[in-house]
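Listed here are the chains, written in short residue letters.
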Amino acid sequence: MASRYSLARTFHRPMIKAARWPSYSRASVPLTPFASLSRTTSLFTPAVFFSTSQRTPPPAPNRADMATSQRTSGPYTTAFALFEALWEAGITACFVNVGSDHPSIIEAIVKGKRERPNSWPRMITCPSEVTAISMADGYARVTGKPQAVLVHVDVGTQALGQGIHNASVGRAPVFIFAGLCPYTESGELLGSRTEYMHWLQEAPDQKAIVRQYCRYTGEVRTGLNIKQTIGRALQFANSTPKGPVYVASAREVLAEEIQPFSLEQEQWVPIGPSALPADAVHDISTALVQAERPLIITGYSGRDRRNPELLVALADLIPGIRVHDTGGSDMCFPFSHIASEGFRLSFDDCTKDADMVILLDCDIPWIPSRNPPPKNAKIYHVDSDPLNQQIPISFFPAHGRWKADSFTALTQLVNHIKNDTLLTKELQDPKYTARRDARAKVHQTRLANIASQPRLGDQEALDAHNIGSLLKTSLPESTTFVIEAVTAAQILSDQLQSSRPGSWINCGGTGIGWSNGAALGVKMALADLEKEEGRKPSLVCHVVGDGSFMCAAPSSALWVASKYEIPVLTIVLNNGGWKAPRNSTELVYPSGLNTSASDEEINISFRPTPNYAALAEAAAGSEIGWGSATEDTNVWIKGVRARTVGDFKEALQQANSRVVKEGKGMLLEVLM
């Protein structure tokens, strides 16, 4: 790691420029079979509407022509071809952490910035690798498209840490490039070993560090096929189930001089979407209509922003259907709909009485030891990875499994039910009207119970109930929530009641600290799309527990936000440590020593707690700690603390002014 300290860092503040992504407007989405569903379409006016289906994406305009037509002074190296290939493939941002394996990379970055500033990826300096990969992950959650992460050799690859798990489990496409130690040591080739760490950082198999989490790992051994290698890697990243890919190359290869060339991007598209076979469409549709207690369990289907509307159409066609979200990584079904069972991490009683279950883009539908469905329930699994190929132990039963695109499958099911004479006749039975009425009463009761939970007096202490309630009522409806609250996430979901596609984004993985960088990536992606579409900037509200916040280089993420002026409202829920380990222990030992042990005894306490509000200002470069008696009004991220409901209300008013109107950052620490 010593190589990092020889690198010069500059601390200017370039503004974020719009990326060249195609616009995904509602008009471009082929939903003509549901044009008559006016009662439900008002639910969906998304700030960003896009599809992650595998249809051929429209290529970026003239990107390959632009690359080859521009003159390039001096040598054209493998390293330069790397970034040119990324740009031609539609990647507009690189989150970088450079090192001693990157001399040719650094030369190429400078060359590209100077020669073609408007057709070159933006370079975002990330002091921590976990910040870099989490930002790329967050960007992909909004656009459905990968961005690039640049790290160095084995140590930088290892420093990606839990971020590589999150991108893999959370199905987020990310392109990772790492250098390799030089393979010559006596100056035989340009790029040969010149410093002592070039012996110490040579792992026997560097790609093995991340191979089990990646959809593809590869090595560039000659510049003559670097663009093909990148194209192949991106095909894997963009094919469902999407995920991270990793490519590495040594200094000698990156320094190699080659002739400029480009690929026909139309020939390097990902795998297209798969459909259900006709008999499966018939069987699932019939089972749905004939079931008494049908249940749809989803986890990732909301990643395709078109799917919530299709699920609403299906629920409206067959009254009595319930929809339960067990992943929480996306807004999969509107909370406001009477069919909604909300979000729980695979443990909810709704599974216990279902007689027919559809698993849709779902990894963990229930906990077999706690809430399995009845043994006679009919179960069907539709997913881009219905066998959970990267989960060794996964024994969830199903009477049918199909590897299919969820949007395509839902479209097939809705169309079949609407056009099948026998099914439409059966749905006219008065029992379906009675089921709809009964479901509406259950939903109304549930909403009333949730509304009764928050204590909203100004002097009341803060908890997840009143925090969620106040966020819902105080922030703009267009707000995108990036949530990593772990033990508080399910309560926050109940209170926020997200109903707009894309309005709730959670990790989907379990590597805590994801949201520190992901919220910045989400905001960057939204800003790019909003600028391209001529819309006003929307608010990104990042809600994170103190345990997660501490676990992934918070000062790095805060510094990046300040340097590149990425305005996010961060709310740190400070409950003094980790609560999840206590809950996990109690599930296994309900009468064990843990029930009487203090947080200190269990080693989950963070007390005395850090001052996260002060940390935010310090990381952003304020003069805090230099004896200044006056508040630094120029600090880009302002830190505020709140103990009571009154404090929180006042802070949210300030956030609306500072983050939404002024476009500056704010961290609000909530003392719970």
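Higher on the page you've got the structure.
Notes on the structure follow. (Residues numbered from 1 in each chain as written. Predicted model: local features only at pLDDT ≥ 70, side-chain atom pairs only at ≥ 80, totals over all residues. Heavy atoms only, no water.)

1. Observations regarding the side chain of Ser538
Note the cut-off: Strands are runs of DSSP state E lasting at least 2 residues, helices are runs of H or I lasting at least 4, and numbering of each runs from the N terminus. Polar contact is defined as a pair of N or O atoms within 3.5 Å, subject to the rule that within protein one atom must be able to donate a hydrogen and the other to accept it, and that residues adjacent in sequence are counted only when both atoms are side-chain atoms. Contacts are assigned to residue pairs with any non-hydrogen atoms lying within 4.5 Å of each other.
Summarising the element assignment, Ser538 is placed in the loop between α18 (514–533) and β15 (540–545). A polar atom in the side chain of Ser538 sits 2.5 Å from the side chain of Glu530. When residues no more than four places from it in sequence are discounted, the contact partners of Ser538 are Ser478, Lys523, Leu526 and Glu530.

2. What to know about the sheet that holds strand β17 (residues 637–642)
Adjacent strands of a sheet pair through backbone hydrogen bonds, lying either parallel or antiparallel. Using the following cut-off: In this scheme, strands are said to pair when DSSP sees at least two bridges between them. Axis geometry follows a simple rule: fit a line to the C-alpha atoms, using only the stretch in contact for helices, then measure angles between N-to-C directions, giving values from 0 to 180 degrees.
What the 6 strands build is an open sheet, ordered β14-β13-β15-β16-β18-β17; its pairing is parallel. The open sheet has two edge strands with one neighbour each: β14 (504–506) and β17. With direction set aside, neighbouring strand axes in the sheet form an average angle of 20°. In this sheet, strand β18 (residues 665–671) lies alongside β17 in parallel orientation, the contact comprising 6 bridges. The residue bridging Arg641 from the neighbouring strand is Glu669, located in β18. In the packing of helix α24 (residues 645–661) onto the sheet, the strands contacted are β16 (569–574), β17 and β18, and the crossing angle to β18 comes to about 170°.

3. Description of the packing of aromatic side chains
What counts is decided by this rule: Only Phe, Tyr and Trp rings are paired, with Trp represented by its six-membered ring, and only when their centres lie within 6.5 Å; those with planes under 30 degrees apart are stacked, over 60 edge-to-face, the remainder tilted. Throughout, exposure labels follow a simple rule: accessible area from a 1.4 Å probe, protein chains only, divided by the maximum for the residue type, with under 20% read as buried, over 50% as exposed, and the rest as partly exposed. In our convention, an over-ring charge means Lys NZ or Arg CZ found within 6 Å of a ring centre and within 35 degrees of that ring's normal.
Inspection of the entire model under this criterion finds 9 aromatic pairs. Taking 5.3 Å as the distance between ring centres and 20° as the angle between the ring planes, the aromatic pair formed by Tyr216 and Phe236 counts as stacked. Separated by 20 residues along the polypeptide, Tyr216 in strand β5 (residues 216–220) and Phe236 in helix α9 (residues 226–238) bring together distant segments of the chain. Here Phe236 falls in the partly exposed class, since its relative accessible area comes to 30%. The ring of Phe347 has Arg370 lying over it, and the distance from NZ or CZ to the ring centre is 3.7 Å. Seen from the ring of Tyr564, Lys563 lies directly overhead, with NZ or CZ sitting 5.3 Å from the centre.

4. Examining the pattern of salt bridges
We apply this condition: Within this document, salt bridges are pairs made up of a side-chain nitrogen of Lys or Arg and a carboxyl oxygen of Asp or Glu, the two lying within 4 Å of each other.
Within the structure shown, the criterion is met by 28 salt bridges. Among the ionic pairs, Arg171 bridges to Asp383, the shortest N-O distance being 3.1 Å. Remark: Asp383 occurs in strand β11 (residues 378–383) and Arg171 occurs in the loop between α7 (162–169) and β4 (174–180); sequence separation between them is 212 residues. Judged by its relative accessible area of 10%, Arg171 falls in the buried class. With a relative accessible area of 0%, Asp383 lands in the buried category. Here Asp304 ties to Arg306 by a salt bridge, and the two come within 2.9 Å at their closest N and O atoms. A relative accessible area of 3% means that Asp304 is categorised as buried. Connected through shared salt-bridge partners, Glu84, Glu88, Arg116 and Lys227 make up one network.

5. Observations concerning the environment of Ile512
Take Ile512: it is sitting in the loop between β14 and α18. The class of Ile512 is partly exposed, set by a relative accessible area of 25%. Each C-alpha atom, one on Ile512 and one on Phe549, is 7.8 Å from the other, the two residues being 37 residues apart in sequence. The contacts of Ile512, once residues within four sequence positions are left out, are Gln162, Glu484, Val486, Gly547, Ser548, Cys551, Ala552 and Trp578.

6. Description of the environment of Ala203
Relative to the assigned elements, Ala203 resides in the loop between α8 (197–200) and β5. A relative accessible area of 26% places Ala203 in the partly exposed class.

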